Amino acid sequence: MAEMIALNPANTWVELKVTEEDWKKADPKKLGTLLSHMYLIRIFEETVLDLAMAGMVHGPAHSSIGQEGGAAGSIVPLRSDDQINGSHRGHHQFLSKALGFVAKEGIDPKNVLSVEIEELLERTLAEIMGLSRGFCKGRGGSMHLRWSEAGVLGTNAIVGGGVPLAAGAAWAHKHAGTDAVAVTYFGDGAVNIGSVLETMNLAAAWKIPLCFFIENNRYAVSTHIEEVTAEPRLSARGSAFNIPSWKVDGMNPLAVSIAMEQALEHMRAGKGPTIIEADVYRYFHQNGGFPGSAFGYRSKEEEQEWRLRDPLILLGQKMVERGLISEEEIEALRHRIKTAMQKIVEKLTEQIPDDKAGKRQIKPELWPNVDFKDVGIRSDLHELDGVRTEELFSYQGKVEQRKFIDVVADVMKHQMTKDAGIVVLGEDVHRLKGGTNGATKGLTELFPNRVLGTPISENAFMGLAGGLAMDGRYKPVVEFMYPDFMWVAADQVFNQVGKARHMFGGDIDMPLVLRTKVAIGSGYGSQHLMDPAGIFVTSPGWRIVAASTPFDYVGLMNAALTMKDPVLVIEHIDLYSSVGPAAIDDYDYQIPFGKASIRRVGSKVTVLTYLSMVNHTLDAVENTGVDAEVIDLRWLDKASLDWETIEASVRKTNNVLIVEQGAQGTSYGAWLADEIQRRLFDWLDQPIQRVTGGEASPSISKVLERAAHARTEEVEQALVRIQQAQGGDNV
């Protein structure tokens, strides 16, 4: 009979409970601060619900009433240099961390208010109401609260979406040599999300000082935890990743505080991440001012049982028992905060004229100006002021023919030598003599702690890079081995990194470079071979560059590394092995921002293209004899495109051909054609023509793959069509 050997987790998993002795030993000042935090949060949240029920909170109001013990208990032990982020239900965590920042010495419940605290309450309420006075100037609202000075990285409306970002902040703390930590808050609904589990694995593998704080309130909207997992003790997840884990009663702020203190000791000692699961309960529905029982998924009896465990009542009673405060002083504490919140509401609202019921409305002058709607999608590019720019045709230095892929590696090596903040991460970038194509050749040997080979977890490492960028101390360069993998990490790429600057008020930087290669023609099939330009150009926040020569690659990569925006750098596998002009021993210039390059001057048709299709187009023009003007776009995103060059050319030729290699469905040219016809319709003699691949992604079959994408022959056919439509033999 087979022998059965019991296996034990590699790390501890405990349930922490406090005793009466713990209550007796607890620092009175700490208890007073906990009580103050919780009452400030509770009455603030009651005010938010009142405003929401009165129609003055546009969008959701995810109340944290009932969950104050978990927030205050875990945040009061933190330092100012520690950072947090959270989920859509994050008012309580935001307020507690911000209170710790404005009242670093703690808060006396008998003297709870100060000018700084009242300003904090006002600005937070203004943000939730969508007003310009808010921390994110009204753009974030209830679900996107950020105050970087206070250590709040930003709360997040995507369930689990903020967890990888917090890993970036934690990695930055560790790499900078500090013992600061990051705490990421999320609920039971997020525990089964891939990005959370990916980040747990990554944080443990790299020993990142990140606390995964699970608020287990048992319901994801209306779905009970036991409906979605066979292990409702969510801290059990830590055993899979060798992460020490605590399970604690989140309605007991002292218990949470002790658990966090133990977790902090572990993380500050450099031992890696921790997990704390706090059992809490939201007294109201997912959103708004009604209890869950009103929607039929919870019973009134269950809700009453949890209300009897109210963390505010528990802590107040324990402090009264120790003679630290009286019942009358607790009531006075509540009254003072309530009065302060009423004054704040009166400051932000006014009575509706001629409304006999006395209803109120938001003061019109407090709304953001409508002209602010698109401000701050990207940087204003002040970081490019004074940079040295070069073009090959006017370059005075030495130029030789060099292999494209060698230049890719050399420019990164040069810039990493100059800038200790550049960090390269991706799958296999640290192995195989420079990754799968040689783009990181020689970097691991020179910068072993800044070339990070990742797990196959695009959501986790893309999000970690986003967190690094938001932190500001480091500049991540991420490699996606193939562009199609962006769909795996789509939340982090588009919802998080792309939207962060605008969403959080328009004035935070997001300096991140994402490298990837178009591999059409390599035989890797439908899930590896896309051209990502068409997807990224329709996604706010991203800039896109694409080089067709080694000389241009250096200049465009340097610009990407300088800009404070996320930049997609698209490469092409066909170009890697090609040879082209490159500056010798000069890796510090940039290609002028937003400037296309005219590769061939012509008068009969304007051909717009990029990457490897530049050379295919030039070959097609030579083969057909068509007098075409060939423009290598280089900068592809909406905000960086060289409309001056495009418009001048179209006014001259009155014909446009857009050439790209990839599939029709994700076409860059479809977007570009629409923009051109809106701007230049009166200058066009015929409809804009396009060269693309087929409707579907390329197949594995060599014959079908060739049929599914464009090369020289397809460009030749398009040029002939344009020539025939003009009624001439030689356009």
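Above this text is the structure in question.
Attention in this report is confined to the structure presented alongside it. (Residues numbered from 1 in each chain as written. Predicted model: local features only at pLDDT ≥ 70, side-chain atom pairs only at ≥ 80, totals over all residues. Heavy atoms only, no water.)

1. Points about the overall build of the chain
Now for step 1: On a plain count of helices and strands, the chain comes out with 25 helices and 24 strands.
Now for step 2: Taking 731 residues into account, the globule formula puts the C-alpha radius of gyration at 27 Å, and the chain, at 29 Å, falls close to it.
Now for step 3: Projected onto the principal axes, the alpha-carbon positions of the chain cover approximately 95 × 85 × 55 Å.
Now for step 4: Relative to its 731 residues, the chain shows a buried fraction of 59%.
Now for step 5: Taken as a whole, the chain presents about 28,700 Å² of accessible surface, with 50% of it coming from carbon and sulfur.
Now for step 6: Taking the 75 positively charged and 96 negatively charged side chains of the chain as two groups, their mean positions are separated by 2 Å. (Helix = DSSP H or I, 4+ residues; strand = E, 2+ residues; numbered from the N terminus. Rg over C-alpha atoms; globule rule 2.2 N^0.38 Å. Buried < 20%, exposed > 50% of the residue type's maximum accessible area, 1.4 Å probe, protein only. Areas by Shrake-Rupley, 256 points an atom, 1.4 Å probe, with all protein chains shown as cover. Lys, Arg positive; Asp, Glu negative; His and termini not counted. Charge placed at Lys NZ, Arg CZ, Asp CG, Glu CD.)

2. Here's the deal with the sheet that holds strand 17 (residues 543-546)
Now for step 1: Spatially, 14-13-15-16-18-17 is the arrangement adopted by the six strands of the open sheet, whose pairing is parallel. This sheet does not close on itself; its edge strands, each paired only once, are strand 14 (451-453) and strand 17. Shown here is a sheet whose adjacent strand axes are inclined to one another by a mean of 20°, direction ignored.
Now for step 2: Inspection of the sheet shows strand 13 (residues 422-426) paired to strand 15 (residues 475-480) by five bridges, in the parallel sense. Bridge pairing in strand 15 links I422 to K475.
Now for step 3: The sheet contacts of helix 15 (residues 458-471) involve strand 13, strand 15 and strand 16 (512-518), and relative to strand 15 the element is tilted by about 160°. (Pairing = 2+ DSSP bridges. Axes fitted to C-alpha atoms, helices over the stretch in contact; angles between N-to-C directions. Contact = heavy atoms within 4.5 Å.)

3. What about the environment of R651?
Now for step 1: Considering the arrangement of structural elements, one finds R651 in helix 22 (residues 643-653).
Now for step 2: Taking relative accessible area as the criterion, R651 reaches 38% and is therefore assigned partly exposed.
Now for step 3: It is 9.8 Å that separates the C-alpha atoms of R651 and S603, two residues lying 48 residues apart in sequence.
Now for step 4: Residues contacting R651, with those up to four places away along its chain left out, are L680 and W683.

4. Remarks on the sheet that holds strand 5 (residues 210-216)
Where strands meet in a sheet, backbone hydrogen bonds hold them as pairs that are either parallel or antiparallel.
Now for step 1: As summarised here, the arrangement of the seven strands in space is 1-8-9-5-4-2-3, forming an open sheet in which the pairing is parallel. The outermost strands of the open sheet, each flanked by one partner alone, are strand 1 (13-16) and strand 3 (152-155). Neighbour to neighbour, the strand axes of the sheet diverge by 15° on average, direction disregarded.
Now for step 2: When strand 5 meets strand 9 (residues 274-279), the two strands line up parallel, connected through six bridges.

5. Overview of the pattern of salt bridges
Now for step 1: Scanning all chains against the criterion turns up 46 salt bridges.
Now for step 2: When the shortest N-O distance is used, the salt bridge between E400 and K398 registers 3.4 Å.
Now for step 3: One salt bridge connects R543 with D637, and the closest N-O pair in it is separated by 4.0 Å. Of this pair, R543 sits in strand 17 while D637 sits in the loop between strand 22 (628-632) and helix 22; the two residues are 94 residues apart in sequence, bridging distant segments of the chain. The pair R543 / D637 is uniform in exposure class, with both members buried.
Now for step 4: Linked by salt bridges that have partners in common, E391, D552, R599, D632 and R634 make up one network. (Salt bridge = Lys/Arg side-chain N within 4 Å of Asp/Glu carboxyl O.)

6. Structural notes on the packing of aromatic side chains
Now for step 1: The full count for this structure, using the stated rule, is 19 aromatic pairs.
Now for step 2: Where Y281 meets W306, the ring centres are 4.9 Å apart and the plane angle is 5°; that geometry is what we call stacked. On the criterion of sequence distance, the pair formed by Y281 in the loop between strand 9 and helix 10 (300-307) and W306 in helix 10 is long-range, its members being 25 residues apart. Assigned by exposure class, Y281 and W306 land together as buried.
Now for step 3: Measuring from ring centre to ring centre gives 5.5 Å for Y610 and Y668, while their planes differ by 75°; the resulting arrangement is edge-to-face. Here Y610 is found in the loop between strand 21 (605-609) and helix 21 (613-624), whereas its partner Y668 is found in helix 23 (residues 668-680), with 58 residues between them in sequence.
Now for step 4: By relative accessible area, Y610 is classed as buried at 3%.
Now for step 5: Three or more aromatic residues joined by ring pairs make a cluster, and in this case those are F94, F101, F135 and W147.
Now for step 6: The positively charged end of R139 is found above the aromatic ring belonging to F372, 3.8 Å away from the centroid.
Now for step 7: In this structure, R309 is placed above the aromatic ring of W306, and the distance from its NZ or CZ to the ring centre is 4.3 Å. (Phe/Tyr/Trp six-rings, centres within 6.5 Å; stacked < 30°, edge-to-face > 60°. Lys NZ or Arg CZ within 6 Å of the ring centre and 35° of its normal.)

Shape is all these values report; function is a separate question.
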